[in-house]
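# Tertiary structure, described
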Amino acid sequence: HATDATNACRTMLYNIHEGKWDEELLETLEIPAALLPEVKPSSGHFAEVSGVPELEGVAIAGVAGDQHAALFGQACFEPGMAKNTYGTGCFMMLHTGKEVMSSSNKLLSTIAWQIGDRVEYALEGGVFIGGAVVQWLRDEMQIIKSSSEVEALAKSVEHCRGTYFVPVFTGFGAPHWDARARGLWVGMTRGTNRGHLARAVLEAIAFQSHEVLVAMEKDAQMPLRELRVDGGACVNDLLMQFQANLLGARVTRPQVTETTALGAAYLAGLAVGYWADQAEIAAQWQVEQHFDPQDQNIEELRHQAGWHRAVERAKEWTRDDDL
């Protein structure tokens, strides 16, 4: 019965400062320590496969939480390196080094991974609805027939014509944390068409991630130079370019975008000696495409201001009598 430090800290029962189950919390919640798994390094020997002839005896040697594995798979090994996963939601992590960095901007302090006795940390911010909004546009609104169509439809217009979409179907995550917020379209006119709606949907994904990154920069007190991206929605060039423009920093898409699985494999390979060290792993990481920020004009700055106005209108939408 074992887990690693990244999964242990997700229970909120693990003391990330001391590297052990928190005795005070266990006592308060009346949870016997004997029920909890042994916490091991993310890269290390856990067990061996049995019962599957083709894999008999293969070591299980890499264990990490979803986003932690993606951070490792993106080779974000130095403080200040960050990745964003564009999946159902969007999850950004910033490597902060060997000391816990407490957030003053409503982000999560977490263990990034543990290798041997060395524990490294990160800041994390989660957006609940990311790529899922494209599925909603396809399945519920039926504006597109397949998710791959959204980029071409969004490119059919040069801008959103003042239309914004705030996709908080389940409330805001970081950095707002408002469970009462609900999604809305705002700014539509008689001239608004399918292209404007599709573009607003893609821009909403980038706007939300930008808010998380701004909070991270404030906490870390360092500007982001590059954001490494992965997940299904990162294949959308229009979204990635708009993200780079908002961030004012390079967005880099690797050749392998399934970096969660890749990170788990890297951790396992490191444990069994397939790779000698993290420097060798970093050399495996290869760029597929860079998206460099374009100069912002006054209209783009107004566009950002419009997003913030839309966010404020979505907040605290539901009341007690609505629930």
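Placed above this text is the structure.
Let us look at the structure shown here. (Residues numbered from 1 in each chain as written. Predicted model: local features only at pLDDT ≥ 70, side-chain atom pairs only at ≥ 80, totals over all residues. Heavy atoms only, no water.)

## Some remarks on helix α4 (residues 132-139)
- Residues of α4 that are buried include every one of A132, V133, V134, W136 and L137, and no others.
- Its buried side turned inward, α4 meets α5 (150-155), β11 (164-166), β12 (184-186) and α6 (194-220). (Buried < 20%, exposed > 50% of the residue type's maximum accessible area, 1.4 Å probe, protein only. Helix = DSSP H or I, 4+ residues; strand = E, 2+ residues; numbered from the N terminus. Contact = heavy atoms within 4.5 Å.)

## Remarks on unusual backbone geometry
- In this structure, P175 follows A174 across a cis peptide bond, with omega equal to -5 degrees.
- For P175, the location among the structural elements is in the loop between β11 and β12.
- The backbone of Q142 shows a phi angle near 55 degrees, a positive value even though the residue is not glycine.
- Residue position: Q142 is located in the loop between α4 and α5.

## A look at the pattern of salt bridges
- Under the criterion given, the structure shown has 11 salt bridges.
- Where E226 meets R228, a salt bridge forms, and the shortest distance between an N and an O atom there is 3.3 Å.
- A salt bridge links D237 to R253, with the shortest nitrogen-to-oxygen separation between them at 2.9 Å. Here the residue D237 occupies a position in helix α7 (residues 237-247), and R253 occupies one in strand β14 (residues 250-254), the gap between them amounting to 16 residues.
- The exposure class of R253 is buried, given its relative accessible area of 5%.
- Within this structure, D237, R253 and E288 form a network of salt bridges that share partners. (Salt bridge = Lys/Arg side-chain N within 4 Å of Asp/Glu carboxyl O.)

## Things to note about the environment of Y274
- Assignment of secondary structure puts Y274 in the loop between α8 (259-271) and α9 (278-284).
- For Y274, the contacting residues outside a window of four places in its chain are G269 and E280.

## Some details on the packing of helix α3 (residues 66-73) against α8
- The contact between α3 and α8 brings their axes to 7 Å, and the two run at 75 degrees. Comparing the axis directions of α3 and α8 gives the class roughly perpendicular. Counting all contacts with α3, which are made through D66, A69, A70, F72 and G73, the residues of α8 involved are T259, T260, L262, G263, A264, Y266, L267 and L270.
- Broken down by class, the residue content of the contact of α3 with α8 amounts to eight nonpolar, four polar and one charged. (Axes fitted to C-alpha atoms, helices over the stretch in contact; angles between N-to-C directions. Parallel < 35°, antiparallel > 145°, perpendicular 65-115°, else oblique. Nonpolar A, V, L, I, M, F, W, Y, C, P; charged D, E, K, R; others polar.)

## Some details on the side chain of Q114
- In this fold, Q114 is placed in strand β9 (residues 108-115).
- A relative accessible area of 13% places Q114 in the buried class.
- For Q114, the side chain forms a polar contact with the main-chain oxygen of G116, separated by 2.9 Å.
- Each residue touching Q114, except ones within four places of it in the same chain, is listed here: A5, K40, P41, S42, S43 and V119. (Polar contact = N/O pair within 3.5 Å; in protein donor to acceptor, adjacent residues only side chain to side chain.)

## Observations concerning the packing of aromatic side chains
- Throughout the structure, instances matching the rule amount to 14 aromatic pairs.
- Residues W136 and F165 carry aromatic rings whose centres are separated by 5.3 Å and whose planes lie at 5 degrees to one another, so their mutual orientation is stacked. On the criterion of sequence distance, the pair formed by W136 in helix α4 and F165 in strand β11 is long-range, its members being 29 residues apart. F165 shares its class with W136; the two are buried. (Phe/Tyr/Trp six-rings, centres within 6.5 Å; stacked < 30°, edge-to-face > 60°.)

## A few points about the nonpolar core
- Within the largest apolar cluster, 61 residues are counted, with the highest numbers of intra-cluster contacts made by Y86 and L227.
- Examining the composition of this core, we find that 14 residues originate from one element, α6, more than from any other.
- In terms of nonpolar packing, the next biggest core, distinct from the first, is built from 17 residues, A75, W113, L267 and W275 among them. (Core = buried A, V, L, I, M, F, W, Y, C linked by side-chain atoms within 4.5 Å.)

## So, the environment of M141
- Positionally, M141 belongs in the loop between α4 and α5.
- Assessed through its relative accessible area of 39%, M141 is described here as partly exposed.
- Sequence separation between M141 and T3 is 138 residues, and the spatial gap between their C-alpha atoms is 41 Å.

## A word on α7
- By the criterion of burial, α7 is predominantly enclosed, with 10 of the 11 residues buried.
- Buried within α7 we find L238, L239, M240, Q241, F242, Q243, A244, N245, L246 and L247.
- Where α7 begins, the capping side chain belongs to N236, and its oxygen is found 3.2 Å from the backbone nitrogen of L238.
- Backbone geometry just after α7 places G248 at a positive phi near 65 degrees.

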